[in-house]
Amino acid sequence: MKSSAETELANQESRLRVMNDIRSERTTPLAGLLTMRMIMLFGLMRRSGILAQRRRFGLLETEWRIMVYVGEFAPLSLNGLSEKVLKDRGQLSRAVKAMVERGLLSRQRKPGGPEIEIDLTDEGRELHARMVQLAVERDAELVRDIPAEEHEIVKRAVELMIRRADLLLEEEMRLSED
């Protein structure tokens with residue numbers, strides 16, 4: 001068994017490897033593309049978010065994503081949740097079952113059909129509210145050095161990019177059908 005000093009050293013080495021990987025991502029030929037910079041930003045926020053969710057709420061990434069989508073769109077069927085989370089139904093089913101057992105989610109048969117509806121319990125709603133608060137705090141920290149007028153410009157630009165990306169997705173889906 002490792003001593004606490006050995007464990008801490010291994011953790012520091014692991015963090016160093018991750019940071020070196022992140023730095024090398026910034027010097028690739030594609031790194032200058034705005035979309036690649038956004039993907040890099042997403043990756044960094046995802047990594048730190050996973051760590052924060054685990055530390056603060058004891059949630060794994062899939063559980064965190066389930067909480068977000070059920071909290072925003074409940075009730076959801078397992079199929080609906082799978083479409084939003086972009087995960088396999090089997091994997092989600094196991095995670096949902098574990099979260100039901102922990103008292104965060106409820107599962108009830110949909111009236112008049114075989115489908116199961118997934119919702120937050122009272123405990124799940126309280127946790128979701130804390131998760132939203134953490135997201136608000138992290139967002140504020142991320143943009144705190146951006147002047148308000150530039151913040152609005154970035155928001156508008158990203159919204160335009162989202163609309164354009166949606167059109168590109170529709171086009172790719174149409175072309176995939178042919």
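Keep in mind that this is a model prediction, so the values were computed, not measured.

> Explain the confidence of the model for the chain to me, using residue names and the numbers behind them.
In the predicted model, the chain carries a mean pLDDT of 87, and 85% of its residues have values of at least 70. Element-level pLDDT for the chain is lowest in helix 1 (residues 4–25), with a mean of 64, against a maximum mean of 95 in helix 6 (residues 122–143).

> I'd love a proper account of helix 3 (residues 61–73), names of residues and values included.
Between the first and last C-alpha of helix 3 there are 18 Å, a value that for 13 residues agrees with the 18 Å anticipated at 1.5 Å per step. Along helix 3, the residues that are buried comprise Glu61, Thr62, Glu63, Arg65, Ile66, Met67 and Val70.

> Which residues make up the environment of Val96, and what are the values?
Counting through the fold element by element, Val96 comes out in helix 5 (residues 89–101). In sequence terms Val96 and Ile118 are 22 residues apart; their C-alpha atoms lie 8.3 Å from each other.

> Can you explain the packing of helix 3 against helix 6? Please cite residues and give values.
The contact between helix 3 and helix 6 brings their axes to 10 Å, and the two run at 105 degrees. Here helix 3 lies roughly perpendicular to helix 6, going by the angle between them. Facing helix 3, whose interface residues are Trp64, Met67, Val68, Gly71 and Glu72, helix 6 presents Gly124, Leu127, His128, Met131 and Val132. Of the residues that constitute the contact of helix 3 with helix 6, the class distribution is six nonpolar, three polar and one charged.

> Account for unusual backbone geometry, with residues named and values stated.
Going from Ala74 to Pro75, the amide bond is cis rather than trans, its omega being -5 degrees. Among the structural elements, Pro75 can be located in the loop between helix 3 and strand 1 (76–77).

> Please give an account of the packing of helix 3 against helix 5 that cites residues and values.
Helix-helix packing is described using two parameters, namely the angle between the two axes and the distance between the axes. Running from amino to carboxyl end, helix 3 crosses helix 5 at an angle of 80 degrees, the nearest separation of the two axes being 10 Å. By the angle class used here, helix 3 and helix 5 are roughly perpendicular. Side by side, helix 3 and helix 5 meet where Thr62, Glu63, Ile66 and Met67 of the first sit next to Gln91, Leu92, Ala95, Val96 and Met99 of the second. Residue classes in the contact of helix 3 with helix 5 are distributed as six nonpolar, two polar and one charged.

> With reference to specific residues and values, describe the sheet that holds strand 3 (residues 116–120).
The three strands are arranged 1-3-2 in an open sheet whose pairing can be described as antiparallel. Every other strand in the sheet has two partners, leaving strand 1 and strand 2 (105–109) as the edge strands with one partner each. Strand direction decides the pairing type here: strand 1 and strand 3, joined by two bridges, are antiparallel. If you follow Ser77 over to strand 3, its bridge partner there is Glu117. This element, helix 3, spans strand 1, strand 2 and strand 3 of the sheet and lies at about 95 degrees to strand 3.

> Any details on the packing of aromatic side chains? Residues and values, ideally.
Per the counting criterion, the structure on display carries one aromatic pair. Taking the ring centre of Phe73 as reference, the NZ or CZ of Lys84 above it sits at 4.2 Å.

> Go over the pairing of strand 3, please, and point to the residues and values.
Note: strand 2 against strand 3, five bridges, orientation antiparallel. Residue pairing in the sheet places Arg107 in a bridge with Ile118 of strand 3.

> Mind laying out the environment of Gln91, listing which residues take part and the relevant values?
Residue placement: Gln91 occurs in helix 5. Between the C-alpha atoms of Gln91 and Thr62, which are 29 residues apart in sequence, the distance is 8.9 Å.

> So what's going on with helix 6? Residues and values would help.
Taking 1.5 Å per residue as the helical rise, helix 6 with its 22 residues ought to reach 32 Å, and the 32 Å between its terminal C-alpha atoms agrees with that figure. When we look at burial in helix 6, the residues that qualify are Gly124, Leu127, His128, Met131, Leu134 and Val143. When helix 6 is viewed along its axis, its buried side chains cluster within an angular range of 150 degrees and face the same direction. Summarising the contacts, the buried residues of helix 6 are in contact with helix 2 (34–57), helix 3, strand 3 and helix 7 (148–177).

Quick notes on the rules
- Residues numbered from 1 in each chain as written.
- Predicted model: local features only at pLDDT ≥ 70, side-chain atom pairs only at ≥ 80, totals over all residues.
- Heavy atoms only, no water.
- pLDDT = per-residue confidence, 0-100.
- Helix = DSSP H or I, 4+ residues; strand = E, 2+ residues; numbered from the N terminus.
- Expected span 1.5 Å × (residues − 1).
- Buried < 20%, exposed > 50% of the residue type's maximum accessible area, 1.4 Å probe, protein only.
- Axes fitted to C-alpha atoms, helices over the stretch in contact; angles between N-to-C directions.
- Parallel < 35°, antiparallel > 145°, perpendicular 65-115°, else oblique.
- Contact = heavy atoms within 4.5 Å.
- Nonpolar A, V, L, I, M, F, W, Y, C, P; charged D, E, K, R; others polar.
- Pairing = 2+ DSSP bridges.
- Phe/Tyr/Trp six-rings, centres within 6.5 Å; stacked < 30°, edge-to-face > 60°.
- Lys NZ or Arg CZ within 6 Å of the ring centre and 35° of its normal.
- Arc of directions from axis to C-beta.

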